[in-house]
Amino acid sequence: MPATDAGPAASIRPLKAREFAQIRQLAYETFGLDLRAGKEALVSARLGKHMRESGCGSFDEYYRHVVEDPTGEALVTLIDALTTNHTSFFREPAHFDFLRASVLPQWKDRRSVAVWSAACSTGEEPYSIAMCLLGELGPFASGMVRILATDISTRVLAQAKRGIYPAERFEGLPSAQFRKFWLRGERDWAGWYRAKKELRALVEFRRLNLLESLSQAGVFPLIFCRNVMIYFDKPTQQQVVQRLGECLEPGGYLFIGHAESLNGIRHGLEYVRPAVYRKASQGEREKGRREPC
Ligand SMILES: C[S@@+](CC[C@H](N)C(=O)[O-])C[C@H]1O[C@@H](n2cnc3c(N)ncnc32)[C@H](O)[C@@H]1O
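Residues numbered from 1 in each chain as written. Predicted model: local features only at pLDDT ≥ 70, side-chain atom pairs only at ≥ 80, totals over all residues.

1. Notes on the overall build of the chain
- A count of helices and strands for the chain gives 12 helices and 10 strands.
- Computed over its C-alpha atoms, the radius of gyration of the chain comes to 21 Å, within 12% of the 19 Å expected for a compact globule of 293 residues.
- Reported as C-alpha extents along the three principal axes, the dimensions of the chain are approximately 65 × 65 × 30 Å.
- Per-residue burial for the chain yields a buried fraction of 33% across its 293 residues. (Helix = DSSP H or I, 4+ residues; strand = E, 2+ residues; numbered from the N terminus. Rg over C-alpha atoms; globule rule 2.2 N^0.38 Å. Buried ≥ 20, exposed ≤ 12 C-beta atoms within 10 Å, placed from the backbone.)

Put into structure tokens, the structure is as follows:
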């Protein structure tokens, strides 16, 4: 029986141990999400709403609805409920300072540059990268830069592709940057801003699960993979970091979230500074092979 009319608190009951174990296993196998014991109350609260919205009257009905949905949308709704999509423009500004001061000068002789934002959420991260590169490289960026922005959630990707944000998302952004890259909405859209065409043209959005093969993404001199590995357990982090390393060019950089750590993970990358890692260049690798250990 659909339970959509039940009051908010009425149909939220704690998940039973078996139910929590089922959700935990599903989230781990499909998204790498590590739901530790102790999270039962949080998961119950978050799933209660989705169970009601999907019209399912029982946990078993909801679980079947999620695993049998051929579109995969029910699974995406589940992951959205269990993770956070929190992000912001120029989040963790130290990465953008490092990009401007240390990475861009190394790219001065390149004819093309591709950057991957590997868990881009609603798009603020890839648009920040695009603003940074357009700001520094000027109009040349349009011809030489490509930003691949991926996420597992089709919901956040749809928002990101629209490139429309409320004014408060831009608080703290220098006004020159704001005017240069964003169009102010009028009438019904007053209080909203849309990314200008040249900004949107740099970014390609695509769905990609970090647990699946990453070779389809390509090879990059810079990968942002920030604030997503925090959801994974060590073995999953190990797999993901190793595969991300394979997607880095020699001499390329990996940025992770400042609250994340690669401690205890074999990654073969050089630690550069907090939340910044670098893959050895070809020359450095050859030298390493020649030097006696
Ligand atoms: C907290 S946001 C991080 C956004 C941005 N990178 C930042 O640091 O501001 C985490 C994102 O990771 C995505 N995500 C979670 N599991 C994923 C997976 N297995 N593969 C790809 N993206 C995933 C979520 O959908 C969410 O949008």
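Additional details are given in the paragraphs that follow.
2. Focus on the sheet that holds strand S3 (residues 164-166)
- The strand order across the open sheet built from three strands is S3-S5-S4, with neighbouring strands paired in antiparallel fashion. Of all strands in the sheet, those bounded by a partner on one side alone are S3 and strand S4 (182-184). Across the sheet, the mean angle from the axis of one strand to that of its neighbour is 30°, orientation sign disregarded.
- As paired strands, S3 and strand S5 (residues 192-195) are joined by three bridges and run antiparallel to one another. Counted as the bridge partner of Ile164 is Arg194 from S5. (Pairing = 2+ DSSP bridges. Axes fitted to C-alpha atoms, helices over the stretch in contact; angles between N-to-C directions.)

3. Digging into the domain arrangement of the chain
- Segmentation of the chain into domains returns domain 1 (17-82) and domain 2 (93-287).
- Distance between the C-alpha centres of domain 1 and domain 2: 29 Å.
- Contacts between domain 1 and domain 2 engage eight residues on the former and 11 residues on the latter.
- At four residues, the largest contribution of residues to the side of domain 1 that touches domain 2 is made by helix H4 (residues 73-82). (Domains from an automatic or database assignment. Contact = placed C-beta atoms within 7 Å.)

4. Some remarks on the sheet that holds strand S10 (residues 276-278)
- Ordered in space as S6-S2-S1-S7-S8-S10-S9, the seven strands form an open sheet in which the pairing is mixed. Each of the sheet's edge strands pairs with one partner strand only, and the pair in question is strand S6 (203-207) and strand S9 (270-273). Strand after strand, the sheet turns through a mean of 20° between neighbouring axes, direction not considered.
- Contacts between helix H8 (residues 154-162) and the sheet are confined to strand S2 (145-151) and S6, with S6 contributing the most and set at about 165° to the helix.

5. Describing the nonpolar core
- The biggest cluster of nonpolar side chains holds 71 residues, and the ones touching the most others in it are Ala130, Ile147, Ile223, Cys225, Leu244 and Leu254.
- It is helix H6 (residues 124-137) that provides the largest number of residues to this core, a total of seven residues.
- Each of two domains, domain 1 (17-82) and domain 2 (93-287), supplies a minimum of three residues to this core.
- Among residues more than four places away in sequence, those in contact with Cys225 are Ala118, Ala119, Leu244, Leu254 and Ile256. (Core = buried A, V, L, I, M, F, W, Y, C linked by C-beta atoms within 7 Å.)

6. Things to note about the pairing of S2
- Burial within S2 is extensive, with six of its seven residues counted as buried.
- As paired strands, strand S1 (residues 113-117) and S2 are joined by five bridges and run parallel to one another. Bridge pairing in S2 places Val113 opposite Val145.

7. Observations regarding helix H3 (residues 59-68)
- For H3, the set of buried residues is Phe59, Tyr62 and Val66. Taken around the axis of H3, the buried residues stretch over an arc of 65°, which confines them to a single face. Turned more than 90 degrees away from the buried face of H3 sit Asp60 and Glu68, all of them exposed.
- For H3, the secondary structure elements touched by its buried residues are helix H1 (17-31), helix H2 (40-53) and H4. (Arc of directions from axis to C-beta.)

8. Things to note about the environment of Gln159
- Of note, Gln159 is situated in helix H8.
- Counting along the chain gives 11 residues from Gln159 to Leu148, while the straight-line C-alpha distance between them is 16 Å.
- In this structure Gln159 touches Thr122 and Gly123, once residues within four positions along its chain are discounted.

9. Focus on the site of the ligand
- Neighbouring the ligand are 23 residues; Thr87, Ala119, Ser121, Leu210 and Asn227 lie closest to it.
- Split by residue class, the shell around the ligand holds eight nonpolar, 11 polar and four charged. (Near = placed C-beta within 6 Å. Nonpolar A, V, L, I, M, F, W, Y, C, P; charged D, E, K, R; others polar.)

10. Remarks on the environment of Glu19
- With respect to the helices and strands, Glu19 occurs in helix H1.
- Of the residues examined, Glu19 has 19 C-beta atoms within 10 Å and is grouped as partly exposed.
- Considered as a pair, Glu19 and Glu40 are 21 residues apart in the sequence and their alpha carbons are 9.6 Å apart.

11. As for the packing of helix H5 (residues 93-103) against H6
- Axis separation between H5 and H6 bottoms out at 11 Å; the angle between their running directions is 30°. Considering the angle they form, H5 stands roughly parallel to H6. Handedness of the H5/H6 crossing: right-handed. Each of Phe96, Leu99 and Arg100 in H5 lies in contact with H6, whose residues at this interface are Ser128, Cys132 and Glu136.
- Grouping the constituent residues of the contact of H5 with H6 by class yields three nonpolar, one polar and two charged. (Parallel < 35°, antiparallel > 145°, perpendicular 65-115°, else oblique. Left-handed = near helix turned anticlockwise from the far one by under 90°.)

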